[in-house]
Amino acid sequence: MDFKQENIRNFSIIAHIDHGKSTLADRILEITGAVSKREMKDQLLDSMDLERERGITIKLNAVGLKYHYQNETYLLNLIDTPGHVDFSYEVSRSLAACDGAILVVDAVQGIEAQTLSNLYLALNADLKIIPVINKIDLPNANIAKVKEELKKVLGFKEEEILLCSGKTGEGIKELIEAVITRIPAPKINNNAPLKALIFDSYFDPYKGVVGLIKVSDGAVKLKDEIMLMATGKSFVVTELGIHTPKDKPLSKLSSGTVGYICASIKDISSFEVGDTITLKNKPALESIAGYQKIKPMVYSGIFPLESNKFEALKEAFEKLKLNDSALTYEVESSDALGFGFRVGFLGLLHMDIITERLEREFQIPVIVTSPSVIYHVYLTNEEMLLIDNPNKMPPQVKIKRVEEPYIITNIIVPDTYIGAIMKLCQNKRGIYKNMEYLDETRVNIHYELPLSEIVYDFFDKLKSTTKGYASFDYEFLGYKPSNLVKMNILLNGNIIDALSVIVHKDFAYQRGMQMTKKLKETIPRQLFQVPIQAQVGSKVIARETISAMRKNVLAKCYGGDITRKRKLLDKQKEGKKKMKQIGNVEVPQEAFLAILSKEEQ
Amino acid sequence: MKGVYIHIPFCKSICSYCDFCKVFYDSKWAKQYLQRLNDEIDNYYMGEEIKSIYIGGGTPSCLSLESLEYLLNLTKKFAKMKNIEFTFECNLEDLNLNLLKLLKFYNVTRLSIGIQSFQPHLLNLMGRNHTFKDAKEKIALARSLGFNNINLDLMYGFYNETFDDLRKDLKLYLKLKPDHISAYSLQLEDHTLLKVNNIPSLLADDEAFMYEIIVDCLIRNGYNHYEVSNFAKKGKESVHNLTYWNNEEYYGFGLSASGYIDKVRYTNTKSFFSYLKGNYRLEEKILSKQEIMDNEIMLGLRKIKGINQKEFKEKYQIDLKEAYPITPLLKNKELKQKKEYIFIPEDKLYVMNEILLKMI
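Residues numbered from 1 in each chain as written. Chains lettered and ligands numbered in written order. Predicted model: local features only at pLDDT ≥ 70, side-chain atom pairs only at ≥ 80, totals over all residues. Heavy atoms only, no water.

## Regarding the overall build of chain B
Scanning chain B for helices and strands turns up 15 helices and 17 strands. Over its C-alpha atoms chain B spans a radius of gyration of 21 Å, differing by no more than 12% from the 21 Å that the globule rule assigns to 360 residues. For chain B, the C-alpha atoms occupy an extent of roughly 60 × 50 × 40 Å along the three principal directions. Counting over 360 residues, chain B shows a buried share of 57%. Residue pairs at least 24 apart in sequence account for 68% of intrachain contacts in chain B once pairs closer than 6 positions are excluded. Carbon and sulfur atoms make up 51% of the accessible area of chain B, which amounts to about 15600 Å² in all. Across chain B, the 50 positively charged side chains and the 47 negatively charged ones have centroids separated by 5 Å. (Helix = DSSP H or I, 4+ residues; strand = E, 2+ residues; numbered from the N terminus. Rg over C-alpha atoms; globule rule 2.2 N^0.38 Å. Buried < 20%, exposed > 50% of the residue type's maximum accessible area, 1.4 Å probe, protein only. Contact = heavy atoms within 4.5 Å. Areas by Shrake-Rupley, 256 points an atom, 1.4 Å probe, with all protein chains shown as cover. Lys, Arg positive; Asp, Glu negative; His and termini not counted. Charge placed at Lys NZ, Arg CZ, Asp CG, Glu CD.)

Next comes the structure, spelled out in structure tokens:
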């Protein structure tokens, strides 16, 4: 597959969730003949089952597509990006491999929070943007209004804006040709030493780690000895090529190209996203800017429901880690739950995905404890500790101050909800910054909020207070001092370490009431009375009591039908399997996430 | 020695709470049914000595005298033990001199009368209709003919039943001086009129309190509480029901009947027409030793006396305490021990499933 380098286009599609990005990508694949209609599964780029079900992209993909236009053959490299804030570092690295991006906006919804945050990432990467209004086939499409928003809020010109429908295919051809005519060819530098950006990697059981790369300078060939500039590790290239979307091996990837590379690498963490590949014997002088080590933002304890599944859980994490360099885990032991892992996630979605994969792909039922952010705890001796687990919190007397991570929001809502949003954010310890109108009726509200409040129940509250009309995104801001304390939960008089949380002192009472109430609802009655207490320091701030169970008996005789009695008992036994015995109290899995109570107070 | 249960699936009216297998009474069908019953007994009964017969339903007493005589004649096939307990279930309305004489003639020793309650609003909800006066007269009649072992069923736990309603019922029951009382809480079963009409259930705590009222009242009045739901005057404990709780073997004949013979637990078809065609058995299961032992636990602990460790060892060649986690449960006071017997303490009987679940 040889192309004139000036006929290469590297681009991405960016959008708010559900604005039809994946369907649009599917249409592009179809029209360029990359896949036949018959092979077409919906949303081909989302290859994980979970992705297809949730309609989101988790892992990135890249495909090279051939397209004929005015007697020339073009190679269009479409680089898919995950659309969620948890993965914004990965998005920024993918965008760094591109020269342009298609910005998809839903013809009914208009601009939403992630439209903005993704657009800012693309503009930061200096990309040429093609704005396109999608879903124009919908009966309630409001093209004129969305056009106005694109012009007024984002400063696009009328003639720049394209219209299309991923569903009917209308406008797709024009869109592809706009990619060719508007997005510049990659900057070519054939003679400099090799510089290639890794923008994604995954583990293939036959090939080892597969890196998705964009070659900016020089070229990389089969059997070259490559070096990773951040880690200094070197490997010999065993295979390289492009995805069409099937793997198509080549002998060389040269400047401007996007493709994949394998080098018998077993460990994905030695091949990190954002790192720069060069040649060992002729290295580049400096690496491509923007590399960061991925840092988890949220930590949770994950414990096997059955304690004999610890080894199986460990193996599962090892396998997940092969494909997910952002995942970190280390052994944690809990008095209540035994041995498990403290696991770091990029965010709540990432956490959801991992726990769901554990149960679905590895069949290991797990207990997930309340997620925690990383606190900076300054001791009286000025030492600073990073605390990702409430149980590692030093005693109050040794603490000088605690700082917690803050974020800044984009909350886009119809202006009738301004009051509700403000009330919600105040309740979440928010600091109002400013607000701008996107059009006559929609605003973008900016608040500074502690990340721990987002981790708690902000999404659900936001959804319920705005009847689902709000879209939300955020950016990490930095650390700020806060009056934080550790709150313990006691069941039947015993502290259950897995239920401890760090809370703001002024909100501790309210949170304690909520947690004890929720626990009372989730823990079934036992043979004896079980008090539930929330405690800060040695002071009990909230208390509920689960009264003793009074009835669980098969009183009836059933005319000697013993088998029926036995079946009823076996059914109850199945229910018990979903419980964890803590001390002498049986606690269901979901009780450990009681703090994430989804109900309104 | 084994027990025999015979199911008569006919009723003249259907009670709103009942999920047992039954059809409206029809004399032609009843005759055919009894013929098939005759065949089933001939096919399966192996000639063992029988220590109890229980004819239940449905409403066995709704059969015509002619059919009844046919049915009672069938029991002559069994090799009866000398002091056999022979129970016949009847409705108050059906009790009359002719019926009682017939039962007496065929050596029925025990009557079980499905009274359930005397409270008009509860009887109304159940779809039943009788008065205390009826009961008093009919029971006196039975006693005069020499029936000296009479069980009365008591049902409790209706959503519209008060504690006082129950206390009134107990008072009236005691006046009738029954030899045995079976007190069953209402279970809202699928395919019953109560369930179809979305009748609510009583709060579990209130039901448990009613159970306490019953146990307390009957014990005070000289009844032996010998099984979760059963109470008897001395020596009047039901031999037949104890067969179940002792995990002993018994035949079940008739539509939907269950039996336990030669380590096989079986249940008969619930389809009336299958039964008439002679397709008796619906399912059969050979039990493993573990399952038999588990049943021994599940059933044996229903008895207030509990399980005799020595007998358990003789039966299964393993110590009860070795086969099940008895010791920690004794420590928790969820089980108790008195001489050779391991039992569930009175105050935990109504939550006994929780304890069973820790054992099997």
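There is more to say after this.
## Section: the nonpolar core
In this structure, Ile8, Leu37, Leu71, Ile297 and Met359 of chain B are the most contacted members of the largest nonpolar core, which totals 117 residues. Residue contributions to this core peak at 8 residues, all from helix α8 (residues 204-220) of chain B. Each of domain 1 (2-244) and domain 2 (306-360) of chain B contributes no fewer than three residues to this core. Setting aside anything within four residues of it in sequence, one finds Ile8 of chain B in contact with Tyr33, Leu34, Leu37, Ile55, Gly56, Gly57, Gly58, Thr59, Pro60, Leu63 and Leu71 of chain B. In this structure, Ile14, Ala113, Val258 and Tyr260 of chain A belong to the second largest nonpolar core, which totals 35 residues. (Core = buried A, V, L, I, M, F, W, Y, C linked by side-chain atoms within 4.5 Å. Domains from an automatic or database assignment.)

## Describing the interface of chain A and chain B
Taken together, the contact pairs 26 residues of chain A with 40 residues of chain B. Between chain A and chain B, roughly 3200 Å² of surface is buried when both sides are summed, and carbon and sulfur atoms account for 54% of that area. By the criterion of area lost to chain B, the three top residues of chain A are Leu527, Arg550 and Ile562 of chain A, representing 21% of everything that side buries. Ionic pairing is found between Asp19 of chain B and Arg564 of chain A, a salt bridge with its closest N-O pair at 3.1 Å. Linking chain A with chain B are 13 residue pairs in polar contact (both at pLDDT 80 or more). For the side of chain A that touches chain B, the element with the highest residue contribution is helix α12 (residues 562-577) of chain A, accounting for 10 residues. A class-by-class count of the residues in the side of chain A that touches chain B yields 9 nonpolar, 5 polar and 12 charged. (Buried area = accessible area lost by both parts, 1.4 Å probe. Salt bridge = Lys/Arg side-chain N within 4 Å of Asp/Glu carboxyl O. Polar contact = N/O pair within 3.5 Å; in protein donor to acceptor, adjacent residues only side chain to side chain. Nonpolar A, V, L, I, M, F, W, Y, C, P; charged D, E, K, R; others polar.)

## Considerations on the domain arrangement of chain B
By convention, interface size is frequently given as the accessible area that disappears when the constituent parts associate. Residues and elements named next belong to chain B. Each assigned domain of chain B is listed with its residue range as follows: domain 1 (2-244) and domain 2 (306-360). Each side of the interface is counted separately: domain 1 has 9 residues, and domain 2 has 4 residues. Note on domain 1 versus domain 2: buried area summed over both sides is about 490 Å², and carbon and sulfur give 67% of it. Sorting the residues of domain 1 by area buried against domain 2 places Tyr211, His225 and Val228 first, and these three jointly supply 65% of that buried surface. Remark: the boundary between domain 1 and domain 2 carries 0 salt bridges. Taken together, domain 1 and domain 2 are joined by 3 residue pairs in polar contact (both at pLDDT 80 or more). Top contributing element to the side of domain 1 that touches domain 2 by residue count: α8, with 5 residues. Its residues placed into classes, the side of domain 1 that touches domain 2 shows 6 nonpolar, 2 polar and 1 charged.

## Quick word on the environment of Arg27 of chain A
Residue and element names in this part refer to chain A. You can see Arg27 is positioned in helix α1 (residues 21-31). Here Arg27 falls in the buried class, since its relative accessible area comes to 15%. Put simply, Arg27 and Glu440 are 413 residues apart on the chain and 34 Å apart in space, counted from C-alpha to C-alpha. Once residues lying within four places of it in the same chain are set aside, the contact partners of Arg27 are Gly166, Lys167, Gly169 and Ile172.

## Side note on the confidence of the model for chain B
Put simply, chain B has an average pLDDT of 95, and 100% of its residues get 70 or more. This prediction of the complex comes with two scores: 0.75 for pTM and 0.90 for ipTM. (pLDDT = per-residue confidence, 0-100.)

## Re the confidence of the model for chain A
Per-residue pLDDT for chain A averages 88, and the proportion of residues at 70 or more is 93%. In this model residues 55-60 of chain A is a low-confidence stretch, pLDDT under 50, and it forms 33 contacts with partners more than four residues away in sequence or in other chains.

## Some words on the sheet that holds strand β8 (residues 208-217) of chain A
All names here are of chain A. Pairing is antiparallel across the open sheet formed by 8 strands, whose spatial order is β11-β10-β16-β7-β8-β15-β12-β13. What marks the edges here is a single partner per strand, and that holds for β11 (234-236) and β13 (247-250). In this sheet, neighbouring strand axes are inclined to one another by 40 degrees on average, regardless of whether the strands run parallel or antiparallel. (Pairing = 2+ DSSP bridges. Axes fitted to C-alpha atoms, helices over the stretch in contact; angles between N-to-C directions.)

## Re the sheet that holds strand β2 (residues 62-69) of chain A
All names here are of chain A. The strand order across the open sheet built from 6 strands is β2-β3-β1-β4-β5-β6, with neighbouring strands paired in mixed fashion. In this open sheet, the two edge strands, each paired with only one partner strand, are β2 and β6 (162-163). Across 2 bridges, the pairing between strand β5 (residues 128-134) and β6 is parallel. Across the sheet, residue Ile133 finds its bridge partner in β6, namely Leu163. In the packing of helix α5 (residues 143-152) onto the sheet, contacts are made with β4 (100-106), β5 and β6, and the angle to β5 comes to roughly 160 degrees.

## Side note on the packing of helix α9 (residues 418-427) of chain A against helix α10 (residues 451-465) of chain A
How two helices pack is summed up by the angle between their axes together with the distance between the axes. Residues and elements named next belong to chain A. Relative orientation of the contacting elements α9 and α10 amounts to 155 degrees, with a least axis distance of 10 Å. Put simply, α9 runs roughly antiparallel to α10. Viewed along their axes, α9 and α10 form a crossing whose handedness is right-handed. Contacts between α9 and α10 pair Ala420, Ile421, Leu424 and Cys425 from the former with Phe458, Lys461, Leu462 and Thr465 from the latter. Across the contact of α9 with α10, the residue classes tally to 6 nonpolar, 1 polar and 1 charged. (Parallel < 35°, antiparallel > 145°, perpendicular 65-115°, else oblique. Left-handed = near helix turned anticlockwise from the far one by under 90°.)

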